[in-house]
Amino acid sequence: MVTTTSFNTTKSEEIFAAAQKLMPGGVSSPVRAFKSVGGQPIVFDRVQGAYIWDVDDNKYIDYVGTWGPAICGHAHPDVIQALHQALEKGTSFGAPSALENILAEMVIEAVPSIEIVRFVNSGTEACMSVLRLMRAFIGRDKIIKFEGCYHGHADMFLVKAGSGVATLGLPDSPGVPKSATNNTLTAPYNDLEAVKALFSENPDQIAGVILEPVVGNSGFIPPDAGFLEGLREITHEYGALLVFDEVMTGFRIAYGGAQERFGVTPDLTTLGKVIGGGLPVGAYGGRGDIMSLVAPAGPMYQAGTLSGNPLAMTAGMKTLELLQKSGTYEQLDRITKKLTEGLLNIAKETGHEVYGGQISGMFGMFFTAGPVHNYDDAKKSDLNKFARFHRGMLERGIYLAPSQFEAGFTSLAHTEEDIDQTIAAAKEVLSSL
Ligand code: KE4
């Protein structure tokens, strides 16, 4: 375990200072800048299994896992070997390849709602495409999203969004015209009455509802019992579509995603992260009659130069193959339950109000007595204490998501010893807060 005195971040400081002259905020994505937790952002050099090393050669147990894709552990040898072989054949064809068929078959086989799937290059692309598809199929313009949920950075979703938008406390984003968001209605998560009210106030105008079936972008917030089932009923009743954004939960909450785990089948699903195995892949898919609208099968246009590229398909295929091994999700659930219960117990023992939980390899903890059912509840937690906790853990070799409004991720590579070390570090930090 790294002790606080020996925590050297000299090279991180040098490289990050230079980065700030080259890229906005010195990063390629806002949450990486540590704005909400403060302190020196860390620049990393390499990853392997459950671990990540920074440029000063500090080693950390990694609970970010590049935000979800590293579910089998970073740089899994089988994935790396498959990529080496694929590289021999080139990096991109810009034309059909058999690999797309293979990953498409795996996704269709795994995800209950998906009969036909289209690959894109990010979760943002998947969500903006699925929104266009919802509107094209139903012929209505309005959509409902939930406060604190994040569906990528396309204009129409930047309304009370979670993740980096919440992290930076941005009201919404400049540059997004009202015309792009005035069809985006919002409701508090876990509030079926609010959704019913929106449908009755906007008769025949709402194309559908999109949500994170387990929220990761307000921190970890699971659906209340009956919430997902209720949304399924309401959308059927009003002739609207139900869309699960499973970019984060897909192949993590269960092999078939949250829709398998909770037994609620949406009309459309978005995917990302895990299905790319660490390379850029997103996807959207669902009922065949809806997907038949997507060009060139139908008139709804969406395209992408690198969509379905052979390297990303290879990394995704290998990752899903590894996840198919029996016992995978029991292992993820067991190790993450041990971690989360350990953290919550040690926090309470050291006198802190905490509320949190986990489902499979996804977890979260808020510094509040709770309960936390929605984004407003999450915002009432002690963000300053979270920032100090994050820094203390970092100095002890534990890398947690640098924002209260993110979820944590484990992998098949995390061991019991890693969990014990993490809880021991937490005990030291929490005792000092
Ligand atoms: P990307 O465009 O970042 O691949 O996916 C957007 C997206 C869509 N839907 C959900 C549920 C998501 O969680 C995401 C992206 N997640 C964030 C982490 N909370 C990505 C990390 C980042 O923005 O740097």
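From a predicted model like this one, the values you see are computed outputs, not experimental measurements. Note on numbering: residues in each chain are counted from 1, in written sequence order. Per-residue local features of the predicted model are confined to residues with pLDDT of at least 70, and side-chain atom pairs are confined, for both listing and counting, to 80 or more; whole-chain, interface and lining totals are unaffected and use all residues. By convention in this description, side-chain values take in all heavy atoms of the structure and omit both hydrogens and water.

Visitor: Just checking my understanding: could you explain the overall build of the chain for this structure?
Guide: Each helix and strand in the chain was counted, giving 15 helices and 14 strands. Our radius of gyration looks at C-alpha atoms and nothing else; its globule reference is 2.2 Å times the residue count to the power 0.38. In summary, the chain has a C-alpha radius of gyration of 21 Å against a globular reference of 22 Å for 433 residues, a match within 12%. By its C-alpha atoms, the chain is 60 × 55 × 45 Å across when sized along the principal axes. Buried residues in the chain amount to 58% of all 433 residues. When checking whether two residues touch, look at their non-hydrogen atoms; a contact exists if any pair is within 4.5 Å. In the chain, the proportion of contacts linking residues at least 24 apart, taken out of those at least 6 apart, comes to 73%. For the area figures, the Shrake-Rupley method with a 1.4 Å probe applies, and any residue is considered shielded solely by the protein chains shown. Surface summary for the chain: the accessible area is close to 17,300 Å², and the carbon and sulfur share equals 53%. When charges are counted, Lys and Arg contribute as positive and Asp and Glu as negative, whereas His and the chain ends are disregarded. Think of each charge as sitting on NZ of Lys, CZ of Arg, CG of Asp or CD of Glu. Counting 34 positive and 48 negative side-chain charges, the chain places the centres of these two groups 3 Å from one another. The numbering of helices and of strands both runs from the N terminus, where a helix is a DSSP run of H or I of at least 4 residues and a strand a run of E of at least 2. For the exposure calls, accessible area comes from a 1.4 Å probe over protein chains only, and a residue counts as buried if that area is under 20% of its type's maximum, exposed if over 50%, partly exposed in between.

Visitor: Whenever I open this one, the sheet that holds strand E2 (residues 51–54) confuses me. Can you help?
Guide: Working definition: the strands of a sheet are paired by backbone hydrogen bonds and lie parallel or antiparallel to each other. Within the open sheet, the 4 strands sit side by side as E1-E2-E3-E13. Their pairing is mixed. Edge positions in the open sheet fall to strand E1 (44–48) and strand E13 (398–399), since each of these has one partner strand only. Every angle, taken between N-to-C directions, lies between 0 and 180 degrees, and every axis is a line fitted to C-alpha atoms, over only the stretch in contact when it is a helix. Across the face of the sheet, helix H15 (residues 416–432) comes into contact with E2, strand E3 (59–62) and E13 while running at roughly 105 degrees to E3. DSSP-based pairing: two strands are paired if at least 2 bridges between them are found.

Visitor: Help me understand the site of the ligand, please; the structure alone is not making it clear to me.
Guide: Around the ligand sit 17 residues in total, of which Ser29, Thr124, Asn217, Asp245 and Glu406 are the nearest. Between the ligand and Thr124 there is a distance of 2.7 Å, counted from an oxygen atom to a side-chain nitrogen or oxygen. Its free accessible area being 540 Å², the ligand has 86% of it covered by the protein chains. Tallied by class, residues from the shell around the ligand come to 5 nonpolar, 8 polar and 4 charged. One heavy atom within 4 Å of a molecule or strand makes the whole residue count as near it. Under the rule applied, a polar contact is a pair of N or O atoms within 3.5 Å (in protein, one hydrogen donor and one hydrogen acceptor; residues adjacent in sequence only if both atoms are side-chain atoms). Charged residues are taken to be Asp, Glu, Lys and Arg, nonpolar residues to be Ala, Val, Leu, Ile, Met, Phe, Trp, Tyr, Cys and Pro, and polar residues to be all remaining types, Gly included.

Visitor: Which parts of the structure should I look at to understand the sheet that holds strand E14 (residues 408–409)?
Guide: One open sheet holds the 3 strands; their spatial order is E11-E12-E14, and the pairing between them is antiparallel. Edge positions in the sheet fall to strand E11 (355–359) and E14, since each of these pairs with one other strand and no more. When E11 meets strand E12 (residues 362–366), the two strands line up antiparallel, connected through 5 bridges. Residue pairing across strands places Gly357 opposite Gly364, the latter belonging to E12. Contacts from helix H12 (residues 328–349) reach E11 and E12 within the one sheet, and its direction differs from that of E11 by about 175 degrees.

Visitor: It is not clear to me how the environment of Ser163 should be interpreted in this structure. Could you clarify?
Guide: Residue placement: Ser163 occurs in helix H5 (residues 163–167). Classification of Ser163 as buried rests on a relative accessible area of 9%. A distance of 2.9 Å separates the side chain of Ser163 from the side chain of Glu406, its partner in a polar contact.

Visitor: Would you take a moment to explain the packing of helix H7 (residues 192–201) against helix H8 (residues 227–237) for this structure?
Guide: Think of two packed helices as two axes; the pair is described by the angle between the axes and how far apart they sit. One way to put it is that H7 packs onto H8 with a least axis distance of 10 Å and a crossing angle of 15 degrees. Taken together, the axis directions place H7 and H8 in an arrangement best described as roughly parallel. Between H7 and H8 lies a crossing of right-handed hand. Residues Leu192, Val195, Lys196 and Phe199 of H7 lie in contact with H8, whose contacting residues are Phe227, Gly230, Leu231, Ile234 and Thr235. Its residues placed into classes, the contact of H7 with H8 shows 6 nonpolar, 2 polar and 1 charged. The scheme is simple: roughly parallel for angles under 35 degrees, roughly antiparallel for over 145, roughly perpendicular for 65 to 115, oblique for anything else. Note: crossing handedness is left-handed where the near helix turns anticlockwise from the far helix by less than a right angle, and right-handed where it turns clockwise.

Visitor: Would you take a moment to explain the side chain of Thr269 for this structure?
Guide: As for its placement among the helices and strands, Thr269 is situated in strand E9 (residues 268–271). Looking at Thr269, its side chain comes within polar contact range of the side chain of Gln259, at 3.0 Å. Leave out the neighbours within four places in its chain, and Thr269 touches Val111, Ser113, Ile114, Phe244, Glu246, Gln259, Ala283, Tyr284 and Gly285.

Visitor: It is not clear to me how the nonpolar core should be interpreted in this structure. Could you clarify?
Guide: Grouped burial of nonpolar side chains is what soluble globular proteins tend to show. Throughout this description, the term nonpolar core refers to a set of buried Ala, Val, Leu, Ile, Met, Phe, Trp, Tyr and Cys residues connected via side-chain atoms within 4.5 Å. Ranked by size, the top nonpolar core spans 45 residues in total, and within it Tyr63, Met362, Phe389 and Met393 carry the most contacts. Contributing elements (two or more residues each) for this core: E3, H12, E12, helix H14 (383–395), E13 and H15. Not counting residues within four places of it along the chain, the set of residues in contact with Phe389 comprises Met365, Phe367, Leu400, Ala426, Val429, Leu430 and Leu433. Residues Ala104, Leu271, Val274 and Leu323 belong to the second largest nonpolar core, which totals 31 residues.

Visitor: Can you walk me through the pattern of salt bridges in this structure?
Guide: Once the charged atoms of two side chains with opposite charge are near each other, the side chains can pair. Should a side-chain nitrogen of Lys or Arg be within 4 Å of a carboxyl oxygen of Asp or Glu, the pair is scored as a salt bridge. Evaluation of the coordinates by the stated rule reveals 15 salt bridges. Note that Asp45 and Arg46 form a salt bridge whose closest N and O atoms lie 3.1 Å from each other. Salt-bridge contacts for Arg287 lead to Asp267; the nearest nitrogen and oxygen are separated by 3.2 Å. In this pair, Arg287 sits in the loop between strand E10 (282–286) and helix H10 (288–291) while Asp267 sits in the loop between helix H9 (257–262) and E9, placing the two residues 20 residues apart along the sequence. For Asp267, a relative accessible area of 5% corresponds to the buried category. By sharing partners, the salt bridges in this structure join Arg232, Asp267, Arg287 and Asp289 into a single network.

Visitor: What am I meant to see in unusual backbone geometry here?
Guide: For residues other than glycine, phi is negative in most cases, and the peptide bonds are mostly trans. Residues Ala295 and Pro296 are joined by a peptide bond in cis, for which omega reads 0 degrees. Mapped onto the elements, Pro296 comes out in the loop between H10 and helix H11 (310–323). That bond from Gly370 to Pro371 is cis: its omega, 0 degrees, falls within 30 degrees of zero. By the secondary structure assignment, Pro371 is in the loop between E12 and helix H13 (375–379). The backbone of Lys160 shows a phi angle near 50 degrees, a positive value even though the residue is not glycine. Structurally, the position occupied by Lys160 is in the loop between strand E5 (142–146) and H5.

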